[in-house]
Amino acid sequence: ISDDVPTAATNGFKIYYNPDFIKDMPISQLTGLICHECWHIAFLHIKGEKGRDPNIYNLAGDYVINNMLDSKGFKLPYGGAIDHSYDDMSTDQIYIELMKDISKSKNKSKKIMLDLSDAPEEGNPTQADELKRSQAIKSVLVRANTQARLAGMKPGDLPGEIARYVEEIIDPK
């Protein structure tokens, strides 16, 4: 719980939310919001934004996550970025598309929830700390993928971005 963020945010390790933002939010939207932030952590979006425009990278990540959640029937708070023309594209691919028309993208990113760049800093984590966190997140995703397959999930049941991400973790190029 934090008044330091206007809506909700993650620093790649913790999730923060403003109590005023969620106080009247229906539980269905709150569930979608928490899932959204968890997926930013799972996709290591904080790590991916380095060297890029953080607001545009956040917008690209939001499209991936929100499109996926919307397709699965999750409700999201008003103001979340959803554009199904980006379905089956990775965060990096969407970022490149958004950068082609930077002025239009900057206007969009100002109107939506900014949940990566607003998060409070967690001191100065060392490179070893960040590597340990990344490995822990990847381990959870691989275990979840394995358990889902053992439970009968078919390869096409996993949303595209997640399937690509897990495949990259399991069989890096």
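The residue count restarts for each chain, going from 1 along the sequence in the order it is written. For this predicted model, a pLDDT threshold of at least 70 governs which residues receive local features, and a threshold of 80 or more governs which side-chain atom pairs are given and counted, while totals over whole chains, interfaces and linings are taken from all residues. Water and hydrogen atoms play no part in the side-chain values, which are based on all heavy atoms of the structure.

1. Focus on the state of the cysteines
Consideration 1: For the purposes of this analysis, a disulfide is any pair of cysteine sulfur atoms at a distance within 2.5 Å. One pass over the structure, following the stated rule, counts zero disulfides.
Consideration 2: Cysteine C38 remains unbridged, with the sulfur of C35 as its closest cysteine sulfur at 6.4 Å.
Consideration 3: The class for C38 is partly exposed, based on a relative accessible area of 38%. Only protein chains enter the accessibility calculation, which uses a 1.4 Å probe; a residue is then buried when its area is under 20% of its type maximum, exposed when over 50%, and partly exposed in between.

2. Section: the confidence of the model for the protein chain
Should the pLDDT be low somewhere, the predicted coordinates at that spot are not to be read in detail.
Consideration 1: How sure the predictor is of each residue is captured by pLDDT, a score from 0 to 100. With 83% of its residues at a pLDDT of at least 70, the protein chain reaches an overall mean of 81.
Consideration 2: The secondary-structure element of the protein chain with the lowest mean pLDDT is helix α6 (residues 102–111), recorded at 60, while helix α1 (residues 19–22) shows the highest, at 94. In DSSP terms, a helix is any run of H or I states spanning at least four residues, a strand is any run of E spanning at least two, and both are numbered starting from the N terminus.

3. Observations concerning the packing of helix α4 (residues 54–71) against helix α5 (residues 91–100)
Consideration 1: Only C-alpha atoms enter the line fits that serve as axes; for helices the fit covers just the stretch in contact. Angles between N-to-C directions range over 0 to 180 degrees. Relative orientation of the contacting elements α4 and α5 amounts to 125°, with a least axis distance of 8 Å. Taken together, α4 and α5 sit at an angle that is classed as oblique. In the crossing of α4 with α5, the sense of the turn from one axis to the other is right-handed. Judged by residue contacts, I56, Y57, L59, A60, G61, Y63 and V64 of α4 engage T91, D92, I94, Y95, L98 and M99 from α5.
Consideration 2: Class assignment of the residues belonging to the contact of α4 with α5 gives a composition of ten nonpolar, two polar and one charged. An angle below 35 degrees is read as roughly parallel, one above 145 as roughly antiparallel, one from 65 to 115 as roughly perpendicular, and any other as oblique. It is the rotation of the near helix from the far one that decides the hand of a crossing: anticlockwise by less than a right angle makes it left-handed, clockwise makes it right-handed. A contact between two residues is defined here by any heavy atoms of the two lying within 4.5 Å. Any residue that is not Ala, Val, Leu, Ile, Met, Phe, Trp, Tyr, Cys, Pro, Asp, Glu, Lys or Arg is counted as polar, Gly included; the first ten are nonpolar and the last four charged.

4. Here we look at α5
Consideration 1: Residues of α5 that are buried: T91, I94, Y95 and L98. Seen end-on, α5 carries its buried residues on one side only, within an arc spanning 105°. Among the exposed residues of α5, those pointing more than 90 degrees away from its buried face are I96 and K100. The arc in question is traced by the directions running from the helix axis to the C-beta atoms.

5. A look at the pattern of salt bridges
Consideration 1: Each reported salt bridge corresponds to a side-chain nitrogen of Lys or Arg within 4 Å of a carboxyl oxygen of Asp or Glu. Tallied over the entire structure, the rule returns two salt bridges.
Consideration 2: For E97, the salt bridge identified is with K100, shortest N-O distance 2.9 Å. Taken together, the residues span about one helical turn, with E97 and K100 both in helix α5 at a distance of three residues.
Consideration 3: The partly exposed category is assigned to E97, whose relative accessible area is 35%.

6. Remarks on the nonpolar core
Where a protein is soluble and globular, its nonpolar side chains tend to be buried together.
Consideration 1: Within this scheme, the nonpolar core is defined by two criteria: the residues are buried Ala, Val, Leu, Ile, Met, Phe, Trp, Tyr or Cys, and they are joined through side-chain atoms within 4.5 Å. Of all hydrophobic cores here, the largest spans 24 residues; its most connected members are F43, Y63, I94 and L98.
Consideration 2: Sorting the residues of this core by element identifies α2 (27–42), α4, α5, α7 (127–150) and α8 (160–170) as the ones contributing at least two each.
Consideration 3: Sorting elements by how many residues they give to this core places α4 first, with nine residues.

7. Re the environment of I94
Consideration 1: Among the structural elements, I94 can be located in helix α5.
Consideration 2: In sequence terms I94 and A60 are 34 residues apart; their C-alpha atoms lie 5.3 Å from each other.
Consideration 3: Setting aside residues up to four positions removed in sequence, I94 forms contacts with A60, Y63, V64, Y86 and M89.

8. A look at the packing of aromatic side chains
Consideration 1: Only rings of Phe, Tyr and Trp enter the pairing, Trp through its six-membered ring, and a pair is recorded when the two centres are within 6.5 Å. The plane angle decides the type: under 30 degrees is stacked, over 60 is edge-to-face, the rest tilted. Taken as a whole and assessed by the stated rule, the structure comprises three aromatic pairs.
Consideration 2: Placement of a charge over a ring requires the Lys NZ or Arg CZ to be within 6 Å of the ring centre, with the centre-to-atom vector within 35 degrees of the ring normal. When the ring centre of Y95 is taken as reference, the NZ or CZ atom of R52 above it lies at 5.5 Å.

9. What to know about α4
Consideration 1: Taking 1.5 Å per residue as the helical rise, α4 with its 18 residues ought to reach 26 Å, and the 25 Å between its terminal C-alpha atoms agrees with that figure.
Consideration 2: For α4, the tally of buried residues reaches 14 of 18 residues, placing the bulk of the element in the interior.
Consideration 3: Near the N-terminus of α4, the side chain that reaches the backbone nitrogen of N55, with its oxygen 2.9 Å away, is that of D53.
Consideration 4: Once α4 finishes, G73 follows within two positions and takes phi at roughly 90°, a positive value. Multiplying 1.5 Å by the residue count of a helix minus one yields the expected span of that helix. Two N or O atoms count as a polar contact when they lie within 3.5 Å, although within protein this holds only if one can serve as hydrogen donor and the other as acceptor, and sequence-adjacent residues are included solely when both atoms are side-chain atoms.

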